[in-house]
Amino acid sequence: MITEPRPTPPVVAILGAGPAGMSCANACLSFGLRPLVIERSDQAGGVQRRNFHPNLWMLGWPGETGESLTRRMVEHYASLPIETRYQTELLGAQRGKSVFRLSLAESGGERETIQADAIVLATGMHPYATPELEDLARRSPRVIIGPLSHTIRDGIQDADVLILGGGDNALDHALFLAERRNRVRVHTRGTFAARATFRTACAGREDIRLVENSTPLRLSAGQEGILAAWPGEELRFDWLLVMYGYRPNIELLDRFSPSLRPDLTAGGHVHVDDWQRTSTPGVYAAGDLTAPAQPSVPTAIAQGLAAARAIERDITWRR
Ligand SMILES: Cc1cc2nc3c(=O)[nH]c(=O)nc-3n(C[C@H](O)[C@H](O)[C@H](O)COP(=O)(O)OP(=O)(O)OC[C@H]3O[C@@H](n4cnc5c(N)ncnc54)[C@H](O)[C@@H]3O)c2cc1C
């Protein structure tokens, strides 16, 4: 009896193992695709790994924190037959004759080239700060850029805290810190854009002061803490938290050959259609780096799933 050789499943290279990447890899398995996940850090899970706040948007686990939700997702992910390269960076991506060729470098220095039938970008976002504030944070451990650090959760109590920023993260953290006996001032350069529930909750507290249209003229950090100066006023704080928002992790696109680089939106996110296809055939994107209307774990999971479905439709029947 002659048996036909089994076709090898199309390989999907997924960059990033946050909720979007993990969900896409999981969905690839059910659509007969072979996921190969490339993650820069040493763990899967993405930004929610450090989220000590309850996740309000995942139905079914009321009150569960982002950390705990992520632990469950990562345990499930680790039990699946998914090849994952941790602490691995993409060095380059080119289109070969019929497949993509991705060169990778592991943190140990080992290099390899893999072939993939499709690529999914799922690298999320990173907190943004000006170069001056980044420099201050490098010089002082009392300057923290972005939310969700364990220092914020455990290390700031009975202190004077300055938060710069006017979005949800700024006011959510102001409330969190005020509940831990801290005195908090939040300065934003425009008006507060945080959701109304946070604005109302902050406005009702004596230990939180919200100041609009105000950027410090000068900031310095030393033994005596953080000094912040405004016209006619200089104040000392124990901590400075910078909550300016997030920028998409798209720097790896510089390592794509120019013809493979997908179009970006005006805000610098990866532009996708309803099926998570980018402008480059064979390249898809899911999760926060696509600027969804409401970035969240459920949104990232849904987009990862949709990307896998699109790949199955676009690729499987072509081979
Ligand atoms: C403070 C805060 C609170 C939030 N609260 C909630 C909430 O309560 N509920 C909720 O549902 N959502 C919440 N979110 C949003 C949620 O965390 C994100 O929408 C979700 O994590 C997006 O998933 P992602 O997979 O797109 O990206 P991420 O979770 O950012 O994962 C991206 C992954 O890609 C990796 N990566 C980055 N660059 C590279 C590279 N070059 N190569 C390889 N890998 C790379 C990263 O290491 C990471 O593992 C919150 C976000 C923040 C910041």
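Definitions and cut-offs
Residues numbered from 1 in each chain as written. Predicted model: local features only at pLDDT ≥ 70, side-chain atom pairs only at ≥ 80, totals over all residues. Heavy atoms only, no water. Pairing = 2+ DSSP bridges. Helix = DSSP H or I, 4+ residues; strand = E, 2+ residues; numbered from the N terminus. Axes fitted to C-alpha atoms, helices over the stretch in contact; angles between N-to-C directions. Domains from an automatic or database assignment. Buried area = accessible area lost by both parts, 1.4 Å probe. Salt bridge = Lys/Arg side-chain N within 4 Å of Asp/Glu carboxyl O. Polar contact = N/O pair within 3.5 Å; in protein donor to acceptor, adjacent residues only side chain to side chain. Nonpolar A, V, L, I, M, F, W, Y, C, P; charged D, E, K, R; others polar. Contact = heavy atoms within 4.5 Å. Phe/Tyr/Trp six-rings, centres within 6.5 Å; stacked < 30°, edge-to-face > 60°. Lys NZ or Arg CZ within 6 Å of the ring centre and 35° of its normal.

**Description of the sheet that holds strand β14 (residues 225–230)**
Move 1: Read across the sheet, 3 strands follow the order β13-β14-β15 without closing on themselves; strand pairing throughout is antiparallel. Single-partner strands in this sheet number two, and they are β13 (218–222) and β15 (233–237). Taken over all neighbouring pairs, the strand axes of this sheet differ in orientation by 15 degrees on average, direction set aside.
Move 2: For β14 and β15, the ladder comprises 5 bridges, and the chain directions are antiparallel. Pairing of Trp230 across the sheet is with Glu233, part of β15.

**Examining the domain arrangement of the chain**
Move 1: In terms of domains, the chain is made up of domain 1 (11–126 + 247–318) and domain 2 (129–242).
Move 2: The straight-line distance from the C-alpha centre of domain 1 to that of domain 2 is 32 Å.
Move 3: In total, domain 1 and domain 2 occlude about 730 Å² of area from one another, counting both sides; carbon and sulfur atoms represent 64% of this.
Move 4: Among the residues domain 1 hides against domain 2, the three largest losses belong to Arg50, Phe52 and His53. Together they make up 70% of the total.
Move 5: Seen at the junction of domain 1 and domain 2, the total is 1 salt bridge.
Move 6: Taking the shortest distance from any N to any O, the salt bridge between Arg153 and Glu67 comes out at 3.2 Å.
Move 7: Summed over the shared surface of domain 1 and domain 2, the number is 3 residue pairs in polar contact (both at pLDDT 80 or more).
Move 8: Class assignment of the residues belonging to the side of domain 1 that touches domain 2 gives a composition of 4 nonpolar, 2 polar and 2 charged.

**Things to note about the side chain of Asn55**
Move 1: Mapped onto the elements, Asn55 comes out in the loop between β2 (34–38) and α2 (66–78).
Move 2: Not counting residues within four places of it along the chain, the set of residues in contact with Asn55 comprises Gln48, Glu64, Thr65, Gly66, Leu69 and Val297.

**Digging into the packing of aromatic side chains**
Move 1: Scanning the entire structure with this criterion turns up 3 aromatic pairs.
Move 2: Look at Phe52 and Phe176: their rings are 4.8 Å apart centre to centre, the planes differ by 45 degrees, and that puts the pair in the tilted class. In this pair, Phe52 sits in the loop between β2 and α2 while Phe176 sits in helix α5 (residues 168–178), placing the two residues 124 residues apart along the sequence.
Move 3: Look at Tyr128 and Tyr244: their rings are 6.2 Å apart centre to centre, the planes differ by 35 degrees, and that puts the pair in the tilted class. Placement of the pair is Tyr128 in the loop between β8 (125–127) and α3 (131–139) and Tyr244 in the loop between β16 (239–242) and β17 (246–248), with a sequence separation of 116 residues.
Move 4: Here the basic side chain of Arg180 rests over the ring of Phe176, its NZ or CZ set 3.7 Å away from the ring centre.
Move 5: The ring of Tyr128 is capped by Arg247, whose NZ or CZ atom sits 3.7 Å from the centre of that ring.

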